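Take a look at the letters that make up each chain.
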Amino acid sequence: MIRQLLSICFIGCTFFLLCCKGPGGPTGPKGEQGAAGAIGPAGAAGTQGPFGPAGPKGDQGNPAGAIQISFGLSFSSSQGLFEFTPAVPANHTANEIEKGIVNCYVKGNSFWYQVPGKVLLSTAEVDDMLFIYKVESNKITIRLSTVRVFKRISFEDIRFVFVPAQNARLSAEVDFSNYEEVRKAYNLPL
């Protein structure tokens, strides 16, 4: 019986000693980083911030960074020459435009034409058209002219699309001869 009592006391004391905590020892050396764990579930939507609830989602931006300048209904000089001098768009530099891609499109008889190229003029004649441009400080000078038909003409719209140099690499698959494809690729307004 004493033997059984001593066994019970021994087991109880061992259990008691194992449950007691002593002072912590020093921190051991840092181990190697383990493998990444699984991604957890998405968190719940946040609460209203200090400025009120979140607003509606905005329009899609222009990831390719193209700039479009539209002149609307335009009339040439009596020699078939158009000249425009718009300011360099805000948040851009002349250098970005000068080193990028510049495209010109004219709309006549409800069709878009790429310039340089053959264009159906408002006088129902077909002629080649050319354009040149230069960028100085904060102004762009653009000249657009006919090659053989030298008379006053008009277009429903004239648009220039500038793709700054840093964004030009994003346009490798765009067919620049098709204005509608360019407009969609760069998310340009109608």
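Quick note: structure is the one above.
Every value quoted in this text rests on a predicted model; they were computed, and no experiment measured them. Within each chain, residues carry numbers counting from 1 in the order of the written sequence. Under the rules for a predicted model, residues below a pLDDT of 70 receive no local features and side-chain atom pairs below 80 are neither given nor counted, while totals for whole chains, interfaces and linings still include all residues. The side-chain numbers reported here are obtained from all heavy atoms of the structure, hydrogens and water having been left aside.

(A) The arrangement of the sheet that holds strand 4 (residues 101-108) in detail. Two strands qualify as a pair provided that DSSP identifies no fewer than 2 bridges between them. Counting from the N terminus, the helices are DSSP H or I runs at least four residues long and the strands are E runs at least two residues long. Taken together, the four strands give an open sheet; going across it, the order is 1-10-4-5, and neighbouring strands pair in antiparallel fashion. Edge positions in the sheet fall to strand 1 (67-70) and strand 5 (111-115), since each has one partner strand and no second. Pairs of neighbouring strands in the sheet enclose a mean axial angle of 25°, with direction left out of account. Two elements, strand 4 and strand 10 (residues 157-163), share seven bridges in a ladder whose sense is antiparallel. What sits directly across from valine 102, in strand 10, is phenylalanine 162. Only the stretch in contact is used when fitting a helix axis, every axis being a line fitted to C-alpha atoms; angles between N-to-C directions are given from 0 to 180 degrees.

(B) Fine view of the side chain of threonine 146. With respect to the element layout, threonine 146 can be found in strand 8 (residues 139-146). The class for threonine 146 is buried, based on a relative accessible area of 5%. Reaching out from threonine 146, the side chain makes a polar contact with the backbone oxygen of valine 149 at a distance of 2.5 Å. Contacts are assigned to residue pairs that have any heavy atoms within 4.5 Å of one another. In this structure threonine 146 touches Gln79, Gly80, Leu121, Asp127, Asp128, Met129 and Ile153, once residues within four positions along its chain are discounted. Type-normalised accessible area, obtained with a 1.4 Å probe on protein chains alone, sets the label of each residue: buried when under 20%, exposed when over 50%, and partly exposed for intermediate values. Polar contacts here mean pairs of N or O atoms no more than 3.5 Å apart (in protein, one a potential hydrogen donor and the other a potential acceptor; neighbouring residues in sequence count only if both atoms are side-chain atoms).

(C) Representation of the pattern of salt bridges within the structure. In what follows, salt bridge is the name for a side-chain nitrogen of Lys or Arg lying within 4 Å of a carboxyl oxygen of Asp or Glu. All chains considered together, the criterion is met by eight salt bridges. Linking arginine 148 and aspartate 127 is a salt bridge whose minimum nitrogen-to-oxygen distance equals 3.6 Å. Taken together, the positions of arginine 148 in the loop between strand 8 and strand 9 (154-155) and aspartate 127 in strand 7 (residues 126-136) put the pair 21 residues apart, joining distant regions of the chain. Look at aspartate 127 and you get buried, because its relative accessible area is 1%.

(D) Structural view of the packing of aromatic side chains. In summary, the pairing rule links any two rings of Phe, Tyr or Trp, Trp by its six-membered ring, whose centres are within 6.5 Å, and it sorts them by plane angle into stacked for under 30 degrees, edge-to-face for over 60 and tilted for everything else. Using the criterion set out here, one finds nine aromatic pairs in the structure. Between phenylalanine 82 and phenylalanine 155 the ring centres are 5.5 Å apart and the planes differ by 35°, which places this aromatic pair in the tilted class. On the criterion of sequence distance, the pair formed by phenylalanine 82 in strand 3 (residues 81-84) and phenylalanine 155 in strand 9 is long-range, its members being 73 residues apart. Judged on exposure class, the residue phenylalanine 82 and its partner phenylalanine 155 are both buried. Linked through ring pairs, Phe71, Phe82, Phe84, Phe131, Tyr133, Phe155 and Phe160 together constitute an aromatic cluster.

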